[in-house]
Amino acid sequence: MTLNEQFQTLPKLLKVREVADFTGTHERTVRRWIRDGRLGAVEHPSGLRVPRRSLWRFLGLDYGLSA
């Protein structure tokens with residue numbers, strides 16, 4: 001699967017748990033990245049959500065992919 005295909009299959013807003021699973025880290029690590037301002041997130045009625053574009057930028061994979 002190409003990076004573009006992976007990007008397109010991710011939901012536009014990911015749960016913290018989904019980001020942790022995708023990056024192979026713990027949810028606390030993802031929340032720390034958000035708190036430190038390294039990973040962008042938005043408040044959602046059911047909790048924090050990370051836009052997939054923010055995750056891609058954080059991982060250094062932003063190749064002009066559209067969200």
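Residues numbered from 1 in each chain as written. Predicted model: local features only at pLDDT ≥ 70, side-chain atom pairs only at ≥ 80, totals over all residues. Heavy atoms only, no water.

Looking at an unreviewed UniProt entry, the protein carries the name Regulatory protein MerR, with the source organism given as Deinococcus aerius.

K.L.:
Describe the pattern of salt bridges, and please don't skip the residues or the numbers.
P.N.:
Summed over the entire model, instances satisfying the criterion amount to 2 salt bridges. For arginine 35, the salt bridge goes to aspartate 36, with nearest N and O atoms at 4.0 Å. Take arginine 35: its relative accessible area is 63%, and that puts it in the exposed class. We classify aspartate 36 as partly exposed; its relative accessible area is 44%. In this structure, aspartate 36 and arginine 38 form a salt bridge, with 3.4 Å as the shortest nitrogen-oxygen distance. The structure contains a network of salt bridges with shared partners spanning Arg35, Asp36 and Arg38. (Salt bridge = Lys/Arg side-chain N within 4 Å of Asp/Glu carboxyl O. Buried < 20%, exposed > 50% of the residue type's maximum accessible area, 1.4 Å probe, protein only.)

K.L.:
Account for helix 3 (residues 27-35), with residues named and values stated.
P.N.:
All of the buried residues in helix 3 are Thr29, Val30, Trp33 and Ile34. Angular distribution of buried residues about the axis of helix 3 spans 140°; they occupy a single face of the element. In helix 3, the exposed positions angled more than 90 degrees off the buried face are occupied by Arg28 and Arg35. Along its buried surface, helix 3 packs onto helix 2 (16-23), strand 3 (47-51) and helix 4 (52-58). Looking at the residues trailing helix 3, positive phi occurs at glycine 37, about 85°. (Helix = DSSP H or I, 4+ residues; strand = E, 2+ residues; numbered from the N terminus. Arc of directions from axis to C-beta. Contact = heavy atoms within 4.5 Å.)

K.L.:
I'd love a proper account of the packing of helix 2 against helix 3, names of residues and values included.
P.N.:
Relative orientation of the contacting elements helix 2 and helix 3 amounts to 105°, with a least axis distance of 8 Å. By the criterion of interaxial angle, the relationship of helix 2 to helix 3 is roughly perpendicular. The segment helix 2 lies against helix 3, with Val16, Arg17, Val19, Ala20 and Thr23 engaging Glu27, Val30, Arg31, Trp33 and Ile34. In terms of residue class, the contact of helix 2 with helix 3 is built from 6 nonpolar, 1 polar and 3 charged. (Axes fitted to C-alpha atoms, helices over the stretch in contact; angles between N-to-C directions. Parallel < 35°, antiparallel > 145°, perpendicular 65-115°, else oblique. Nonpolar A, V, L, I, M, F, W, Y, C, P; charged D, E, K, R; others polar.)

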